[in-house]
Amino acid sequence: MKLIVLYGPPAAGKYTVAKALSEKTGYKLFHNHLTIDLLKSVFTFGTPDFFRLGQKIRLDVFEQAAKENIPGVIFTFVYEKGSDDDFIKQLVETVTSNGGEVVFIQIYCEKEKLLKRVTEESRKQFHKMKSVETLSLALSENDWLSSIDFTKSTKIDSTHLTVDETVAKALEIVER
């Protein structure tokens, strides 16, 4: 199994790129909000149990997908430097120890563009962050703009790219 991890801050375009990439590759799409919305139905967002169970569910899904040799899975994720490092290391170990491969692609864009995109109508489908103020505050309190520096990761700056151009760059990386 090839696990494609598209990571970056909210409103960078991860889900949009993942959906198009899934259509082009036939890989399964397991986006961030599948587990977030599942867990929010029972647990308060941000609590220790919420995060612990979210990581466990994701790792279990990746492990089983690798064991069953699913050809590819695309996962979207907001990575926070430091806080998510152990999870990323567990993710890599889980997938590779079961014969899989992990490809990290950071989807990035300039802060001004993030603040514009966060209000777009498409974000309502999965109850995503939709407020300029909330995103501004979150970006000042969390390191969501850093790359994962302990594993190979390729960065795509989508600030001035169309969705198709961003997807084409991601597809080149996936097909290497």
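Everything below is about the structure printed above this text.
Residues numbered from 1 in each chain as written. Predicted model: local features only at pLDDT ≥ 70, side-chain atom pairs only at ≥ 80, totals over all residues. Heavy atoms only, no water.

### Quick look at the environment of L171
And step 1. When you line up the elements, L171 lands in helix α7 (residues 163-174).
And step 2. When the C-alpha atoms of L171 and T119 are compared, they prove to be 27 Å apart, with 52 residues separating the residues in sequence.
And step 3. Excluding anything up to four places from it in sequence, L171 contacts L21, K24 and T25. (Helix = DSSP H or I, 4+ residues; strand = E, 2+ residues; numbered from the N terminus. Contact = heavy atoms within 4.5 Å.)

### Here we look at the sheet that holds strand β1 (residues 2-7)
And step 1. On the basis of which strands lie adjacent, the open sheet formed by five strands has the order β2-β3-β1-β4-β5 and parallel pairing. A strand with exactly one partner marks an edge of an open sheet, and here the two such strands are β2 (28-30) and β5 (153-157). Strand-to-strand twist of the sheet, defined as the mean angle between neighbouring strand axes without regard to direction, takes the value 25°.
And step 2. The pairing of strand β4 (residues 101-108) with β5 spans five bridges and is parallel. Across the sheet, I107 pairs through a bridge with I156, a residue of β5.
And step 3. Along the sheet, helix α4 (residues 85-96) contacts β1, β3 (72-77) and β4; its crossing angle with β4, the most-contacted strand, is approximately 145°. (Pairing = 2+ DSSP bridges. Axes fitted to C-alpha atoms, helices over the stretch in contact; angles between N-to-C directions.)

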